[in-house]
Structure formats: C-alpha cells, structure tokens
Amino acid sequence: MLLAALDVQTISDALGLGAIYALMAVGIGLVFGVLRLVNFAYGQLVMAGAYTLAFTAAWPLALSVTACFAVVVALSLLMDTVVFRPLRGQSPAVMLVTTFAIAFLLQAIALIVDLRDGTLGEVAPSLSYLNEPVTIAGAEVRKITLVAIVVAAGALLLLALLLARTTIGLHTRAAASDFRTARLLGVRANRVIAFSVFLSGLLAAAVAVMMTVQLPFVGPDFALRDTIVVLVGVVVGGIDRLWTATLGGFAIGFVSGLINGLLPTDKTVYLPSAVFALVILVLLLRPAGLFTWGGRAAPERV
Amino acid sequence: MRRWLDSLVQLAAPALLVVAVGLVSTTASPANQVYFLNALIAVAIVVSIYVFVGNSGVISFGQISFVAVGAFAAGVMTVPLDSKRGVLTTIFPLLRDHTIGNVPSLLLAAGLGGLFAFLVGLPLMRLSGLAAGIATFAVLEITHNILREWTKIGPGATTLSLVPDSTGPLQATLGALVVIAVAFAYQHSRLGRQLRASREDAAAAAGVGVRVHLQRLWAFTLSGALGGLAGGLLVHQLGSITTEQVYLELTFLTLAMLVVGGLTSLWGAVVGALAVSGLDSFLSKAENGVHPFGHKLDLPSGTRLVILASLMALVLIVRPSGLTGGREVRLPQRRRRA
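1. Side note on the overall build of chain B
When helices and strands are tallied, chain B shows 14 helices and zero strands. Listing every helix and strand of chain B by position from the N terminus yields α-α-α-α-α-α-α-α-α-α-α-α-α-α. Across the 338 residues in chain B, those meeting the buried criterion constitute 51%. When contacts within chain B are restricted to residue pairs at least 6 apart in sequence, those whose partners lie at least 24 apart make up 80%.

In structure tokens form, the structure reads like this:
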C-alpha cells in the first residue's frame, strides 16, 4: 500500500531535497576538511542570501542573483578572517560554540534589519515561477526539482574536477588529510582555507537561490532547521571525507522527502522520534560514518 | 593542610557567589527579582551540564532533555488536584488523581532525570567526539518530540500552567548550592578523578585501568539527576512552561554559558552562568531604558541579542579557554625560591 503512493512526484521531490541538502553538506564538509571546524552558522549564510534576494526582488533577476552570490561569498570570507582564523587549532567544542554565537549574532542582525518595515519576514518571489510543474513521461515534476538536481550534479562534478585536476585542489586535499604535513611540504594554509571558505560560500548562495523558490517567505530562522538536519546527515554519513559527508547530506534529505510524501500528516507526529532513533542506531553501529568503509577508525596509539 | 584549604576555597568561592546573588535578590523589587532567580537556575543547569561535559570532555547537546523531563515531572505532579482534573484531562488517571508536595516533586525530578540519563547513557557512552554530540542531540529531539505529542504524560503542545511557584530566593539559592556541592564532591571523588584523567588522555587512562565508558556513564547519570533537579526548580519558578522553553535555545544558551565561563572547571561553570545571565538581564532592562551610574542608557529594541552574541563570540575568540581559563579558584601560591 505504501509502495503505491511512491509515485514519480514524491520521488522527484525527495531527490530535489536530497540534492539541496547534498550541496549544503559539501559546504560544511569542505570547511571541516581543512579547519576541523563544524560551522553551525552555515545556515545563516543561506539566510543572508535569501534576504538579499528578497530585498533585491525589484531588480532584474540576473542582478538580484549576482547580488545574492556577492553578499554570501563576502560574508563567508569575512567569517573566516574575523572568526575562524583566530580560532585555528582550538578544541572542537570551542569552535562549535563560537559558531553558535555567530549564528545567533547573524540572526539577531537579520531580525533588526527585517523589522525596519514593522513586519516580520520578507518575500522573495523572483523565481517562484519555477514552482510550476512540467510533464515528463506522464508525470508532473516541478521545475525547481529539475533545476536543483541539475545544479547539484553540475556543482559536484565541477568541484570534483577542481579538487582532482588543479594545483589548489591538490593542496586542499593534502591539507584535509594532514594539515601539518601539508604545510611542511609548502602548502599555504591561508590560501587553501580561503579557497575552501570561498567555495562553501558559493554553495550557500546557490542553496539560498533554490530554497527561496520553495519557501519564498524569508525570516531570521530561514534554513536553520535544514542546517541542523544536514549536520546530522553529514556526521551520520561520515564527516571525515567529503564524499561520505555529501552522501550523508543527500541521504537524509532524500529519506525525509520520501517519508513526508508517503505518510499522511496525522501519522507523522512521532516521525522525528523514529528518524532520530535511527540516527542513534547508525551512530552506535558505525560511529565513523555510515558510508565509511573499513569499519571504525583505528584506536589511538601512544 | 594546604591541600585541604585549597579544596575548601574551591567549594567556598562558587558557593559564596551564589549566596551573594541569593541575598541581593531578596532586596530587589519583585519585577527585578525574577532576573536573579533566572541567574540562580541558570547556575544549576550549567553546573549539571558541566558535571558530564566538563569532567569527561565529551560534548553533549542532550543534557537539556533531563532538564525537560525534570521540569515536566515536577510540574505535572504539583498542579493542585481540583484544577488538575480540569486542565490535564488526557493524562493517565494515576498522574491525574495524585499530587505531591514541593520537595518530593524536586526529588522526583532528580530521580527521573538520573534514571533517564542512565538508560540513555548505557548505549550512548561508547561514543565520543562528533558522533557523541549528534547522538545526544538526537536524544534531545526525541525527548522534545515525545513530551510535545504524548498527551497521556503531560500537557503536550499546550502550556502547562497552574504549577505552584515555590522557587523563591531561598529555594533557588539552596537548589543551586546543592547542585554545586554535589558537583564538587563528585569531581574530588575517586570516580570523578578517574573520569578527569580520561578527559586528558583516554588511552593513557585506560592503560592504567580506568574503565572509561563506565566512568562516563556515572557522570552522565549524575548530570541527568542534577539536570532534572534544575528542571524542577525552573518549573516552580516559571509557574507555567511549554516544551519549547526546554529545547534548542536553552541548549545553546547554557552550553555557551559553560564555554564562556571555562569548560573544565566548576568555577568556570558558575561564573559563566552568572556572567551571561546577568548581562542578558541588564541588556533586556536597557532596552526599556535604565540609569546606571547616573547616565541614561536606552538601547533600541533588538540590540540585546546582537550585543550578547557579539560579546560571547569575542570572549571565545580572545580567550578560548573561557573567562576563568578553565581553572578552579586558587589561593595565591607562595613563590618558591629557586
């Protein structure tokens, strides 16, 4: 009976959500790779992008999207210079809690900016026409789903090429696997980190553009919940490698999309409990990550 | 003698600070007293988190689950009988037809918090690092989800109200003192020292015979019990509570208090809770206009969170080991001649 409800639209919506979450997972995973820092404030980059789209809604579309990318990338680089750089080498707890504080700060600023017109929330309608369905092989699929899948696949392919074929990509991979040795061998720390932060900013902007299509109503907590879910997915997938992190992000988006489509709304009240119980189970069985091969990491030797 | 004196100071300093806040609160006007009570309860919650996170070095986002369980247990069980049948119509008859007093409700909150933490900790304490952080966060999500939806054990998504507000200056101060004393006794006990050794070097501690997972489980259970007690204090101060008040925001705020104060010391937990909570209260007063030191200060609304968050980030960037440097209070050392 459940399988009967598994139509093309549900699957394509789930794929679309998975694609967007995969991009966020890459953005978080890239920065974690070189800095060992879990950036909780990543969702606020997306939120800033969404606000930019809302405030520039009257501009031509290309200009508005460009502004969104510019603001998000600038904010991302600023975060690196002001916050991440002084924190390098600190314990993970301190870095994580600092990014909490930054997330709070950006939300508080967004709230003040948002409330200038007296109402909470702004609307970013420029791309709403992408919500219209197109018919593919007899099934209705929303345009944004196709866009999300294509953008995610393209971005991941480009990123893979960038990391595999260019010098800076090689340096980034070297830094991610062993930062100190990479530095000893002449990799420039600041350049590699700025490069990763720049890429993760670009991804956040792309996510902002696609998310505002589905949720044109932008508030200070825009993308907050999504960031938490993606963080869970990234750790469950395996944060130590970029591709396991990405797969984790995609999986949690795809699964939650499927479940949302399958279950009637009156039966979903305990859904979060079921999902997070599953998360705990996976973490207990595979603490290094669901997609990490070779079992658990070797115990520390002294 | 010297060591004995050192430990005495380590307990007395945070205790005296809490007593001072409690005493000042009795002189404040009723409108201001609530800020002092908030600060004392924040101390109880943050110290309860410190007992696990600070001593074990394992990050946990799940400790507010135990605060939530304690708050709702103590709250549901103390709503007066005659109004209980009217407002909490859906709960189990056993809970609906019985009411307990103030002190038993706090003990119940501590007991349930500890039991819950023990059961959760049994499987979870094998994890460390980010996996532990996410798994404990999952516990928070599940606790919140069940408290919010299961109307047989509580009010569900609606507000639990009519809870007797018995947490005044006396109860808040005593509660915070109890939590501090237990945390102090634990960290100076054999169990606490073993856990702290494993925090510094898990492999070496295991090498000298410390059963790391077991020690973490004891700390987690104790932390759960203290968190439950703090939740009981909280609900008796607020008088009414929703599940959202013991969820994400409180988790982030209390963790931030702990890290700002200094993750690895009891003194840091107390100082962090009082400093952040005091600053928060001052700023929210300032948004309505205050007159400190003869100057009028009138902040535009919304700046409170901006200032609070920037200061928190600033402390962590400039002083990553927290305001206290993660150290306990020490008497000035006599300088040794070389």
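From this point, things continue past the structure.
2. Re the interface of chain B and chain A
Tallying the contact residues gives 30 residues for chain B and 35 residues for chain A. Where the side of chain B that touches chain A is concerned, the elements lending two or more residues are α7 (129–149), α10 (202–207), α12 (248–261) and α14 (303–318) of chain B. Top element by residues in the side of chain B that touches chain A is α7(B). It accounts for ten residues.

3. Let's talk about the confidence of the model for chain A
Residues at a pLDDT of 70 or more form 93% of chain A, whose mean pLDDT is 86. Counting interchain partners and residues more than four positions distant, the pLDDT-below-50 stretch residues 298–302 of chain A has three contacts.

4. Examining the nonpolar core
One finds V43(B) and V47(B) to be the most contacted residues of the largest nonpolar core, which totals 201 residues. For this core, the leading source of residues is helix α1 (residues 8–35) of chain A, giving 17 residues. Contact partners of V43(B), with chain neighbours within four places excluded, come to V18(B), A176(B), V270(B), A273(B) and L274(B).

5. A look at the environment of L262(A)
The residue L262(A) is located in helix α10 (residues 242–262) in this model. Between the alpha carbons of L262(A) and I11(A) there is a distance of 9.9 Å; along the sequence they are 251 residues apart.

6. What to know about helix α9 (residues 224–237) of chain A
Within an α-helix, residues lying three or four positions from one another point in the same direction, as the helix has 3.6 residues per turn. Relative to the 20 Å expected for 14 residues at 1.5 Å per residue, α9(A) spans 20 Å between its end C-alpha atoms, a close match to the ideal helical length. Among the 14 residues of α9(A), ten are classified as buried, and the element is accordingly described as predominantly covered. Every buried residue of α9(A) is accounted for by D226(A), T227(A), V230(A), L231(A), V232(A), G233(A), V234(A), V235(A), V236(A) and G237(A). For α9(A), the elements touching its buried residues are α1, α2 (42–55), α10 and α11 (271–285) of chain A together with α7 of chain B. Where α9(A) ends, the next residue or the one after it, G238(A), has phi of about 125 degrees, a positive value.

So, how was this worked out
Residues numbered from 1 in each chain as written. Chains lettered and ligands numbered in written order. Predicted model: local features only at pLDDT ≥ 70, side-chain atom pairs only at ≥ 80, totals over all residues. Helix = DSSP H or I, 4+ residues; strand = E, 2+ residues; numbered from the N terminus. Buried ≥ 20, exposed ≤ 12 C-beta atoms within 10 Å, placed from the backbone. Contact = placed C-beta atoms within 7 Å. pLDDT = per-residue confidence, 0-100. Core = buried A, V, L, I, M, F, W, Y, C linked by C-beta atoms within 7 Å. Expected span 1.5 Å × (residues − 1).

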